[in-house]
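One letter stands for each residue in the lines below.
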Amino acid sequence: MMEKVLMKGTEAIGVGAIRSGCKIYCGYPITPQSELLAYLAKELPQIEGASFIQSESEIAAINMIYGAAGTGARAMTSSSSPGISLKQEGISYIAGAELPCVIINASRGGPGLGSIQPAQSDYFQATKGGGHGDYRMIVLAPKSVQEMYDYTFVAFDLADKYRTPVMLMCDGALSQLMEPVVLSDTKVVQYEKNWATTGAKGRKPVLVSSLRIEPAELEEHVDHLFEKYAEIMKNEVRYESVCNEKTEYVVVAYGIMARIAQTAISKLRQEGIEIGLIRPITLWPFPQQAFAELSDKVKLFITLELNKGQMVEDVRLAVNGKKEVTFYGRCGGMLPTPDEIAEVIKSKISGVKKCNK
Amino acid sequence: MIELDIERCKGCELCTTACPVNILVLSAEKVNSKGNAVIEMSDPSKCIACARCAQVCSDTAITVYRNK
Amino acid sequence: MQQVIFKRPESFTDAFTHYCPGCGHGIIHRLVANAIDDLQLREKVIGVGPVGCSAMIYDYLDVDFQQAAHGRAPAVATGIKRVLPDNIVFTYQGDGDLAAIGTSEIIHAAARGENITVIFVNNAIFGMTGGQMAPTTLIGQKTQTSPYGRDTTKQGYPLRVSELLNTLEGVSYLARVSVHDAKNVLIAKKAIKRAFETQIAKKGFSLVEVLSICPTNWGMKPKAAIEWLEKEMVSYYPLQVFKDWR
């Protein structure tokens, strides 16, 4: 049965997590995602065998997730930018020990305490390995409350499938947004977890660890991780492309910025401008293939972000010098209006036209 | 009576401080395959099988028996 | 006929330890293994190892293990125990791990009355990194980072972890023991078993602080080290049972 209900972004994640079979949530209050704690504090204890822990710190929370995930249970934590910084050590250990878990980041303005308003300035931290060591983490970027619900399922599934931490990255705007959501009955796949510590009954002991003291062993382990990452890059890229044969200009944006851009794009199309959109949904693995063909055909890429220019570096790598890649961003928690974005796009387009004359 | 697994022994001599009959000594000649000087019993007949040496052994290298 | 009075515990592996001669970890590992054997816990136990000299404790105990980040073992153990409340979960931590970087995690796990067991090894120094000052380093004690002796005006006072935790309602069993001689090893053995019994009875948080020697980093022969422990450490860290739910 499909239910359609009105809910807040944080709540949609909470419902998605519970329906995904999340057995334990550990977190620490921080704006703008504290409603998720409140929701799970109420709901998780109603489920047999499920636990909610308000931990003493973000550091404790991610390490509780390490322990719980190490038993094979579906585990989740959530926070916002400064708290995510504190979790980085734990995320690195989780990646090293190959534990599945889901981490929600309702990102806000930085650096430092910054602001509590929406921002995308954690793109580098999320996609380039915020913690130490050679590792990667799947990063999903929904654009609506519906997607926050849907991608929570995807996050848990990919985490188990690849034994890896998965981050669902939204922002202060999406987490607070209220929208109708169709609560589809998504089938949850159960994965065998013979690596989990459950007590050595009728088998040899297992060890959950990121420690490989012998250099050759560690190199082999990291090689293994990167073979896994190559599989993820091959199989799990997700993006939305709103481009066609006539597209001349391409906006690249994700999350809330993609929504603002879509409104601007609709307006510009009515004015006769042949403009499209690429919206990465997996920020890692970055959808390089979305750019391969377009780079030969179109005239300009315009990257829009709520930061000073982070994803634009991946766009440039994907376009690989074939076309100009420009950037416009707001930061500090400032959200541009669709009209502001439409004007920016027009000025970027006229800039290219002038250069080509 | 004790049995000492000399391969585990690191010659720390803690057992010598625990032995009430003072029969454990660090061997002047004997070494294990790792090159550690190891403990030996000067007079096994005096052993009272109290297991104090085993209790303080950091490497659980000592097994203690008593004749029934 | 010969009767075995003392032998290696069943839940020990055959591995040779990497510890220095005389190191207290070997004895304390054995006491944990004895408790696991005596209470028939081998198939139910999940250990959580620290960062420090005993990081590779999983090589020596034949049970499931998770290796935690420095100081975070009580948080990791909490996550395990909440998912598997009928398993037996313990952490094994040194004084750098538990009393310095992990102070927050141990206090809050204790305050929550988390039904886990903590084996806390206090040897008054950071061992693995080569002998730096620990929160538990005694006043006047020389280490690599207190080369003139711990000076309270600059480096403060040694932390009495058990006394601190004794103020918390969530703690059900709490004892400080030592392994400097056979008599005390037997007392330590009982305390560690009691701590696991506390968890089995679902009575909440249990911790045994074990005073231990680090001959290498103290710059002493093992024989001198046990004398120093008895004379200097026991007077600052008195041996006692602080709490017992029975």
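Residues numbered from 1 in each chain as written. Chains lettered and ligands numbered in written order. Predicted model: local features only at pLDDT ≥ 70, side-chain atom pairs only at ≥ 80, totals over all residues. Heavy atoms only, no water.

K.L.:
Quick question: what am I supposed to make of the environment of Gly79 of chain C here?
P.N.:
Here Gly79 of chain C lies in helix H2 (residues 73-83). The exposure class of Gly79 of chain C is buried, given its relative accessible area of 0%. Beyond its immediate chain neighbours, meaning those up to four positions away, Gly79 of chain C contacts Ile24, Met64, Gly67 and Ala68 of chain A. (Helix = DSSP H or I, 4+ residues; strand = E, 2+ residues; numbered from the N terminus. Buried < 20%, exposed > 50% of the residue type's maximum accessible area, 1.4 Å probe, protein only. Contact = heavy atoms within 4.5 Å.)

K.L.:
It is not clear to me how the sheet that holds strand E4 (residues 62-67) of chain B should be interpreted in this structure. Could you clarify?
P.N.:
Strand-to-strand pairing in sheets goes through backbone hydrogen bonds, with the strands running parallel or antiparallel. Pairing is antiparallel in the open sheet, where 3 strands are placed in the order E1(B)-E4(B)-E1(C). At either margin of the open sheet sits one strand with a lone partner, and together these are strand E1 (2-4) of chain B together with strand E1 (2-6) of chain C. In this sheet, adjacent strand axes meet at a mean angle of 30 degrees when their direction is disregarded. Pairing of E4 of chain B with E1 of chain C involves 4 bridges; the strand directions are antiparallel. Across the sheet, the residue bridging to Arg66 of chain B is Gln3 of chain C, located in E1 of chain C. (Pairing = 2+ DSSP bridges. Axes fitted to C-alpha atoms, helices over the stretch in contact; angles between N-to-C directions.)

K.L.:
Explanation requested: the interface of chain C and chain B in the structure shown.
P.N.:
Interface size is commonly expressed as the accessible surface area that is lost when the partners come together. Facing the 31 residues of chain C at the interface are 26 residues of chain B. Taking both sides of the interface into account, the surface hidden between chain C and chain B amounts to around 2,500 Å²; carbon and sulfur atoms contribute 60%. Our count for the contact surface shared by chain C and chain B stands at 1 salt bridge. Residue Glu13 of chain B pairs with Lys223 of chain C through a salt bridge whose shortest N-O separation is 3.6 Å. Along the contact surface separating chain C from chain B lie 13 residue pairs in polar contact (both at pLDDT 80 or more). Mapped by element, the contributors of at least two residues to the side of chain C that touches chain B are E1, helix H1 (25-38), helix H7 (182-200) and helix H9 (222-236) of chain C. The leading source of residues in the side of chain C that touches chain B is E1 of chain C, at 5 residues. (Buried area = accessible area lost by both parts, 1.4 Å probe. Salt bridge = Lys/Arg side-chain N within 4 Å of Asp/Glu carboxyl O. Polar contact = N/O pair within 3.5 Å; in protein donor to acceptor, adjacent residues only side chain to side chain.)

K.L.:
Where do I start with the interface of chain C and chain A in this structure?
P.N.:
Each side of the interface is counted separately: chain C has 32 residues, and chain A has 34 residues. Counting each side, the surface lost to burial between chain C and chain A is near 2,500 Å², with a carbon and sulfur contribution of 58%. Summed over the shared surface of chain C and chain A, the number is 3 salt bridges. Between Arg203 of chain A and Asp64 of chain C there is a salt bridge; the shortest N-O distance is 2.7 Å. Only strand E2 (45-49), strand E3 (64-67), H2 and helix H4 (103-111) of chain C provide two or more residues apiece to the side of chain C that touches chain A. Per-element tally for the side of chain C that touches chain A: the top contributor is H2 of chain C, with 7 residues. Counted by class, the side of chain C that touches chain A contains 15 nonpolar, 8 polar and 9 charged residues. Pairing of strand E9 (residues 207-208) of chain A with E3 of chain C, which is carried by 2 bridges, proceeds in the parallel orientation. Across the sheet, residue Val208 of chain A finds its bridge partner in E3 of chain C, namely Gln66 of chain C. (Nonpolar A, V, L, I, M, F, W, Y, C, P; charged D, E, K, R; others polar.)

K.L.:
Would you mind going over the side chain of Lys10 of chain B with me for this structure?
P.N.:
For Lys10 of chain B, the position within the fold is in the loop between E1 and helix H1 (14-18). Take Lys10 of chain B: its relative accessible area is 16%, and that puts it in the buried class. For Lys10 of chain B, the side chain forms a polar contact with the main-chain oxygen of Tyr19 of chain C, separated by 2.7 Å. Residues within four places of Lys10 of chain B in sequence aside, it is in contact with Asn36, Ala37 and Asp59 of chain B together with Thr17, His18, Tyr19, Cys20 and Pro21 of chain C.

K.L.:
Looking at this structure, I do not really get the nonpolar core. What am I missing?
P.N.:
Soluble globular proteins tend to bury their nonpolar side chains together. Counting 144 residues, the largest nonpolar core has Met76, Val251, Phe291, Phe301 and Ile345 of chain A together with Phe205 and Leu207 of chain C as its most contacted members. No other element matches the 11 residues that helix H6 (residues 145-162) of chain A contributes to this core. Three or more residues apiece are contributed to this core by two domains, here domain 1 (3-195 + 208-235) and domain 2 (239-355) of chain A. In this structure Met76 of chain A touches Ile13, Ala17, Cys22, Ile24, Tyr25, Cys26, Leu36, Leu40, Ile65, Val102, Ile104 and Phe156 of chain A, once residues within four positions along its chain are discounted. Residues Ile27, Ile57, Phe90 and Cys214 of chain C belong to the second largest nonpolar core, which totals 53 residues. (Core = buried A, V, L, I, M, F, W, Y, C linked by side-chain atoms within 4.5 Å. Domains from an automatic or database assignment.)

K.L.:
It is not clear to me how the packing of helix H3 (residues 58-69) of chain A against helix H4 (residues 81-96) of chain A should be interpreted in this structure. Could you clarify?
P.N.:
How two helices pack is summed up by the angle between their axes together with the distance between the axes. Residues and elements named next belong to chain A. Relative orientation of the contacting elements H3 and H4 amounts to 25 degrees, with a least axis distance of 8 Å. Overall, the two elements H3 and H4 adopt an arrangement that is roughly parallel. Here H3 runs over H4; the crossing is right-handed. Together, Glu58, Ile59, Ala61, Ile62, Ile65 and Tyr66 of H3 and Gly83, Leu86, Lys87, Glu89, Gly90, Ile91, Tyr93 and Ile94 of H4 make up the contact between the two elements. Of the residues in the contact of H3 with H4, the class split is 9 nonpolar, 2 polar and 3 charged. (Parallel < 35°, antiparallel > 145°, perpendicular 65-115°, else oblique. Left-handed = near helix turned anticlockwise from the far one by under 90°.)

K.L.:
Can you walk me through the domain arrangement of chain A in this structure?
P.N.:
Residue and element names in this part refer to chain A. The domains assigned to chain A are domain 1 (3-195 + 208-235) and domain 2 (239-355). Centre-to-centre separation of domain 1 and domain 2, based on C-alpha positions: 27 Å. Counting from both sides, the interface comprises 31 residues of domain 1 and, opposite them, 27 residues of domain 2. Counting each side, the surface lost to burial between domain 1 and domain 2 is near 2,500 Å², with a carbon and sulfur contribution of 56%. For the pair domain 1 and domain 2, the interface holds 4 salt bridges. Here Glu240 makes a salt bridge to Lys143, at a shortest N to O gap of 3.4 Å. If you look at where domain 1 meets domain 2, you find 16 residue pairs in polar contact (both at pLDDT 80 or more). Mapped onto the side of domain 1 that touches domain 2, the elements with two or more residues apiece are helix H5 (123-127), strand E6 (138-140), H6, strand E7 (165-171), helix H7 (172-176) and helix H8 (215-235). Classifying every residue of the side of domain 1 that touches domain 2 gives 18 nonpolar, 6 polar and 7 charged.

K.L.:
Just checking my understanding: could you explain H7 of chain C for this structure?
P.N.:
Counting along an α-helix, one turn takes 3.6 residues, and residues three or four places apart therefore face a common direction. Residue and element names in this part refer to chain C. For H7, built from 19 residues, the straight-helix expectation of 27 Å at 1.5 Å per residue is met to within 8% by its first-to-last C-alpha distance of 27 Å. Regarding H7, the residues found buried are Ala182, Asn184, Val185, Ala188, Ala191, Ile192, Arg194, Ala195, Phe196, Thr198 and Gln199. The positive-phi residue at the C-terminal boundary of H7 is Lys202, with phi of around 55 degrees. (Expected span 1.5 Å × (residues − 1).)

K.L.:
Would you explain the environment of Ala38 of chain A in this entry?
P.N.:
Here Ala38 of chain A is to be found in helix H2 (residues 34-43). Put simply, Ala38 of chain A and Thr10 of chain A are 28 residues apart on the chain and 9.8 Å apart in space, counted from C-alpha to C-alpha.

K.L.:
What exactly am I supposed to notice about a negative patch on the surface here?
P.N.:
All names here are of chain A. A contiguous patch of negative charge, built from Glu214, Glu217, Glu219, Glu220, Asp223 and Glu227, is present on the exposed surface. Considering the arrangement of structural elements, one finds Asp223 in helix H8. Look at Asp223 and you get partly exposed, because its relative accessible area is 43%. (Patch = residues over 30% accessible without salt bridge, like charges linked within 9 Å, V, L, I, M, F, W, Y side chains within 5 Å. Areas by Shrake-Rupley, 256 points an atom, 1.4 Å probe, with all protein chains shown as cover. Lys, Arg positive; Asp, Glu negative; His and termini not counted. Charge placed at Lys NZ, Arg CZ, Asp CG, Glu CD.)

K.L.:
Is there a simple way to think about the sheet that holds strand E7 (residues 205-211) of chain C in this case?
P.N.:
In spatial order, the strands read E9(A)-E3(C)-E2(C)-E4(C)-E5(C)-E7(C)-E6(C)-E8(C); together these 8 strands make up an open sheet with mixed pairing. A strand with exactly one partner marks an edge of an open sheet, and here the two such strands are E9 of chain A together with strand E8 (240-244) of chain C. Pairing of strand E4 (residues 88-94) of chain C with strand E5 (residues 117-122) of chain C involves 5 bridges; the strand directions are parallel. Across the sheet, Gly94 of chain C pairs through a bridge with Val121 of chain C, a residue of E5 of chain C. Contacting E2, E3 and E4 of chain C, H2 of chain C crosses the sheet at an angle of about 175 degrees to E4 of chain C.

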